[in-house]
Amino acid sequence: MDKSSINNYFHSLFSIKDEVVEKITETFKPFELKANDIVLDQNTISTKTYFLEKGYVRSYLLNEDNEEITTNIYAAPCFVNDFLSFFRQQPTKEIYQAVTDCMFWETGLENVQYNFHNIPEFREFSRLLFVLNYHNIHDRLIEMASQKASTRYSNLMKKDPNIFQHVPLKVIASYLGIKDSSLSRIRRDIHK
């Protein structure tokens, strides 16, 4: 299969030679999941890392009332994983689920470790990826603590307007930290 999507992703983050990207991705294998399939289940240990080529994935957990709380929504192209579980080989706390039909590339921990120790550009890419993930999590934390739900909704509309065509409103509401009815009201008020 054509790895142009994953190769382009590497090139989009920093300057890297084609042959280095080909070396990094040579063990990546493609697979597909249907909407609602589980990518990574709660309380399992992540042994692979996933590059999402096409589709949307969400991570979520169940709160004390057994309600689903969406912690993140991943839009292709991006890497999707519980990196703490992957690198520390400890059980995940969240469930990773395909929201739409998805196309992925996967590789194992051994390959990632090999690349990290033997390809300096991969170390730089990995550092950059961790910084970007930290930045996204930190921004989300600040947004959830400091902004009204309507502002969070507007920001999501600007960041990824297509999300509303592919991800159920219930999932988006949970991600925004509000109930479905509140999201409906916000959407109605904004689109008047």
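For the rest of this paragraph, the subject is the side chain of T49. As for its position among the elements, T49 is in strand 3 (residues 48–54). Residue T49 is classed as buried on the basis of its relative accessible area of 4%. Of note is the side chain of T49, whose polar atom sits 3.3 Å from the side chain of N81.

Below, the discussion takes up the sheet that holds strand 5 (residues 68–75). A sheet is described by the order of its strands in space; here 4 strands give the open sequence 2-7-4-5, paired in antiparallel fashion. The open sheet has two edge strands with one neighbour each: strand 2 (38–40) and strand 5. When strand polarity is set aside, the average angle formed by the axes of neighbouring strands in this sheet is 30°. Two strands pair when backbone bridges link them, and strand 2 and strand 7 (residues 95–98) are joined in this way by 2 bridges, in the antiparallel orientation. In the strand pairing of strand 7, I38 is matched with Q97. Where helix 8 (residues 169–176) meets the sheet, it contacts strand 4 (56–62) and strand 5, and its direction lies at approximately 100° from that of strand 5.

Criteria and cut-off values
- Residues numbered from 1 in each chain as written.
- Predicted model: local features only at pLDDT ≥ 70, side-chain atom pairs only at ≥ 80, totals over all residues.
- Heavy atoms only, no water.
- Helix = DSSP H or I, 4+ residues; strand = E, 2+ residues; numbered from the N terminus.
- Buried < 20%, exposed > 50% of the residue type's maximum accessible area, 1.4 Å probe, protein only.
- Polar contact = N/O pair within 3.5 Å; in protein donor to acceptor, adjacent residues only side chain to side chain.
- Pairing = 2+ DSSP bridges.
- Axes fitted to C-alpha atoms, helices over the stretch in contact; angles between N-to-C directions.
- Contact = heavy atoms within 4.5 Å.

Shape descriptors only; they carry no functional weight alone.
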